[in-house]
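Fold and geometry: a report
So the chains spell out like this:
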Amino acid sequence: MRLRTIATATFAVTLSSAGAYAQDASGSFDAKSAIETFFDNAASIGATTSTYGSIDTEGDTVTVSDVALTWTWNFTTDQGAGNAVNLSVKVPSLQLTSLGFDGTLYSADRIALPETDVSLTLDSEDEDFSYQFVMKDYVTDSPSWAAVPALQENAAAPISRFAPIIDAVLKQNHAGASIGGMTGSFTAGQEKQTFEYGAATYGKLENGYLESFSMDGATTTQTMAPETSDPTLAGMPTSMTITYGPMKGEAIDMKPLVTLLTGTGAAEGPQPVVGSMSFGDMQLEAGDMASFTMGETKINDVTIDPSRGPILPEVDSIYNAVQSGEEPEFPTLMGLILDVYGAMGLGSYTVDGMDVSFPQGSATLGNFSLANLSSSGLGLVSLSGMKFEAPNAKGELGKVEVADVVFPERDNFITAIMASMAAMEPDPQIVMKAIPYLGRFTIGGLDIDSDDVGKIALGVFEARAANFIDAIPTQISLALEGLSIPAMLIQNPMAQGVLTAVGADPVQADGSLTLGWDENSQQVALDEDFRIASIGRLQLSAQLSGIPRFVFAEPQRIQEALVTAAIDGVTATFADEGITGFGINMMSQQSGMPPEQFPSIVAQQAEMQISAMTGNADLANSVSSALTTYLSDPQSISIAAAPNNPVPLAQVMGAVMTAPQALPGLLGFSIMANGTSQ
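So, how was this worked out
Residues numbered from 1 in each chain as written. Predicted model: local features only at pLDDT ≥ 70, side-chain atom pairs only at ≥ 80, totals over all residues. Heavy atoms only, no water. Helix = DSSP H or I, 4+ residues; strand = E, 2+ residues; numbered from the N terminus. Rg over C-alpha atoms; globule rule 2.2 N^0.38 Å. Buried < 20%, exposed > 50% of the residue type's maximum accessible area, 1.4 Å probe, protein only. Contact = heavy atoms within 4.5 Å. Salt bridge = Lys/Arg side-chain N within 4 Å of Asp/Glu carboxyl O. Axes fitted to C-alpha atoms, helices over the stretch in contact; angles between N-to-C directions. Left-handed = near helix turned anticlockwise from the far one by under 90°. Nonpolar A, V, L, I, M, F, W, Y, C, P; charged D, E, K, R; others polar. Pairing = 2+ DSSP bridges. Patch = residues over 30% accessible without salt bridge, like charges linked within 9 Å, V, L, I, M, F, W, Y side chains within 5 Å. Areas by Shrake-Rupley, 256 points an atom, 1.4 Å probe, with all protein chains shown as cover. pLDDT = per-residue confidence, 0-100. Core = buried A, V, L, I, M, F, W, Y, C linked by side-chain atoms within 4.5 Å. Polar contact = N/O pair within 3.5 Å; in protein donor to acceptor, adjacent residues only side chain to side chain. Lys, Arg positive; Asp, Glu negative; His and termini not counted. Charge placed at Lys NZ, Arg CZ, Asp CG, Glu CD. Parallel < 35°, antiparallel > 145°, perpendicular 65-115°, else oblique. Phe/Tyr/Trp six-rings, centres within 6.5 Å; stacked < 30°, edge-to-face > 60°. Lys NZ or Arg CZ within 6 Å of the ring centre and 35° of its normal.

**A few points about the overall build of the chain**
- If you tally the helices and strands in the chain, you get 15 helices and 39 strands.
- Scaling as 2.2 N^0.38, a compact globule of 678 residues should have a C-alpha radius of gyration of about 26 Å, whereas the chain reaches 37 Å, well beyond that.
- Projected onto its principal axes, the C-alpha positions of the chain cover 120 × 60 × 50 Å.
- Relative to its 678 residues, the chain shows a buried fraction of 36%.
- In the chain, 61% of the contacts between residues at least 6 apart in sequence involve partners at least 24 apart.

Set out below in structure tokens:
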């Protein structure tokens, strides 16, 4: 869009520099004289040359023929190579109707350029390049613009001194504009790119606010020099064509961007910059090697927070440092990056599908979406409907989502980075405040079939974290459904062999886990439920009280919680689906003993060990009875610690060291086998 309007915008703005010379004796504005003065004074626009054929007036319309402007810049590289940049603009015919000046703004009823030719070339000892385009039928109705501000030399502000010119953008207006199309080419060495853009129309522009615009599709073709010396590149395409669909947008407001750059018209908080934009399908063709298609792309609710600026003064010090051969100060450079990034906000970005194909296979993405991106975080990133096909594998993935991401505050992040660079001992609290954290991750609908490893499937895996204290979540949940993987993917050979022998190949698993802390009760609760088919199911529940907030806010003080922490209760249940019987049979084969003898042997050994350790015969007998019942007919076995009142953790640790026999009574220990208390 910028390339389509740059030539006309340059003329329209810089014409104002001739206005001071276009007053006749009566003080009225002389349009023809202003135009003559403008083109006769190349230096007023920094041009090297400025020529024209004739200037004719018919009624209120002034027509300038054969306009030619050139700019040339010469420079030498560090290696001493000479270079010249040449820019030329040619306008066969320029028409201005009712050009006027009211003392503040210049205006016209209409400006028309049937054709504009622009050429930019680099003459270099290394490699030449050229960029050329022709713009057709540019028309703007009722344009107005302010005089170009005079710039002052200021060595201390080499960049920000251009702020008045940027501010002047907000004083350009028109009732509407259109372009018939544009064609051009870019050449660098032996490579060439040609492009063709369709017609474009622009709605009302007032004080930097563009109501709407639309552009027809475009096509670019890049021709690459064939590489003959490298055999690995044989068969690579020598041309690539990209076709772009129509583009349109609404509610484009430049004021927040100008304010961010210059500070003019400062405003607090995010300000709308783009209401909506959409881009039609894009297609790329690279011979027989590959093709790529991207569906319609939509962008909504782009914002800028001008309070992050002004940016230009920050660039001054960086520019001056580079010019003097010094490294810019890191805090300044990092601050600039974070200010620019932090100023941007995005309501939503969506791509309606992608497809790529190549001789060895293909891949598809159903949809990509991003929502609620700002300096404070990211609402959602989502990919869905993914598929791929290759010679030895194929598969699909229903969705991948990352949600509720929170970014650290700017100052906290810079402080942590600076401490790291200075090799200072990190402050845990500063580090925790500088870490972004994630609210949700979801992956589901995975189904892969590979000749090498077999089939892999996943219904859904989801991890959630909430109620953060700095970067530490106080609520965590995990969910796993429909996991199925070949046993050969298990890295441990022994485990792989057991899974195969017990009939758990493929390994099929489901499970869930929740872990949470409640600030009011200062209680931590854990609930876990995990199952592997043909192995068994483990359910675990535990509660721990007396956990203060500082455990999360100041992790370095976690040992202090040992004084207040207490065990409220614990239960664990294992339901067998085959692993127990497999274990008994394996031990039987290794020992040469009948499998029916093992339950009593294991139970007797456990009874003796518990009696010796605790001196509690009732407990030893209860455990022995439960093991005998379970091992003789493996169904389920449960243990529980259910004290009448929370037991301080310090008391439990003391009992472990000094009086282990007191632990069962202290914790209210019990055991069940196959649903029966022992």
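**A look at the pattern of salt bridges**
- What the rule picks out here adds up to 13 salt bridges.
- Of the charged contacts in the structure, one is a salt bridge between aspartate 253 and lysine 255, with a shortest N-O distance of 3.0 Å.
- We classify aspartate 253 as buried; its relative accessible area is 12%.
- You can call lysine 255 partly exposed: its relative accessible area is 32%.
- Here arginine 440 and glutamate 401 are joined by a salt bridge, their closest N and O atoms 2.8 Å apart. Here arginine 440 is found in strand E29 (residues 437-450), whereas its partner glutamate 401 is found in strand E28 (residues 393-406), with 39 residues between them in sequence.

**Things to note about the packing of helix H5 (residues 312-323) against helix H6 (residues 330-343)**
- Contact geometry for H5 and H6: axes closest at 10 Å, N-to-C directions at 145 degrees. Relative to H6, H5 is oriented so that their crossing is left-handed. Here H5 contributes Glu314, Val315, Ser317 and Ile318 to the contact with H6, which in turn contributes Thr332, Leu333, Gly335, Leu336 and Asp339.
- The residue inventory of the contact of H5 with H6, partitioned by class, reads 4 nonpolar, 3 polar and 2 charged.

**Let's talk about the sheet that holds strand E5 (residues 100-101)**
- Spatially, E5-E6-E9 is the arrangement adopted by the 3 strands of the open sheet, whose pairing is antiparallel. Where the open sheet ends on each side, the last strands, each with one partner, are E5 and strand E9 (144-146).
- Bridge count for strand E6 (residues 105-107) against E9 is 3 bridges, and the pairing is antiparallel. Bridging from a neighbouring strand, leucine 105 pairs with alanine 146 of E9.

**A look at a nonpolar patch on the surface**
- A contiguous nonpolar patch, built from Val148, Leu151, Phe162 and Ile165 and spanning about 270 Å² of accessible area, is present on the exposed surface.
- If you trace the backbone, leucine 151 turns up in the loop between E9 and helix H3 (163-168).
- Exposure remark for leucine 151: the relative accessible area of 31% places this residue in the partly exposed category.

**Here we look at the confidence of the model for the chain**
- Of all residues in the chain, 91% attain a pLDDT of 70 or more, and the chain-wide mean is 87.
- A low-confidence stretch, residues 1-27 (pLDDT under 50), is modelled with 65 contacts involving residues beyond four sequence positions or located in other chains.

**Some details on the nonpolar core**
- Judged by nonpolar contacts, the single largest core of 81 residues is most densely connected at Ile35, Phe39, Val64, Leu94, Leu99, Tyr202 and Phe213.
- The next biggest cluster of nonpolar side chains, apart from the first, holds 15 residues, and it includes Ile584, Phe598, Leu627 and Ala673.

**Brief notes about the side chain of aspartate 529**
- Within the secondary structure layout, aspartate 529 lies in strand E33 (residues 523-532).
- Among the polar contacts listed, one links the side chain of aspartate 529 to the side chain of arginine 537, at a separation of 2.5 Å.
- Ignoring any residue separated from it by four or fewer positions in sequence, one finds aspartate 529 in contact with Asp510, Gly511, Ser512, Arg537, Leu538 and Gln539.

**Things to note about a negative patch on the surface**
- On the surface, a cluster of negative charge is made up of Glu396, Asp447, Asp449, Asp451 and Asp452.
- Within the secondary structure, aspartate 451 sits in the loop between E29 and strand E30 (454-469).
- With a relative accessible area of 59%, aspartate 451 lands in the exposed category.

**Observations regarding the packing of helix H12 (residues 598-614) against helix H13 (residues 617-632)**
- Contact geometry of H12 with H13 gives a least axis separation of 8 Å together with a crossing angle of 160 degrees. When the axes of H12 and H13 are compared, the pair comes out roughly antiparallel. Considering only the axes of H12 and H13, their crossing is right-handed. Residues Pro599, Val602, Ala603, Gln604, Ala606, Glu607, Ile610, Ser611 and Thr614 of H12 form the contact with H13, whose participating residues are Leu619, Ala620, Asn621, Val623, Ser624, Leu627, Thr628, Leu631 and Ser632.
- By residue class, the composition of the contact of H12 with H13 is 10 nonpolar, 7 polar and 1 charged.

**Quick notes on the packing of aromatic side chains**
- Counting across every chain of the model gives 13 aromatic pairs.
- With a centroid separation of 6.3 Å and an interplanar angle of 50 degrees, the aromatic rings of tyrosine 341 and phenylalanine 407 are classed as tilted. Note that tyrosine 341 is positioned in helix H6 and phenylalanine 407 in the loop between E28 and helix H7 (410-421), a separation of 66 residues in sequence.
- For phenylalanine 407, a relative accessible area of 24% corresponds to the partly exposed category.
- Ring geometry for tyrosine 349 versus phenylalanine 368: centroids 6.1 Å apart, planes at 70 degrees, classification edge-to-face. In this pair, tyrosine 349 is assigned in strand E23 (residues 344-351) and phenylalanine 368 in strand E26 (residues 367-374), connecting sequence segments 19 residues apart.
- Directly above the ring of phenylalanine 550 sits arginine 557, whose terminal nitrogen or CZ lies 4.0 Å from the centroid.

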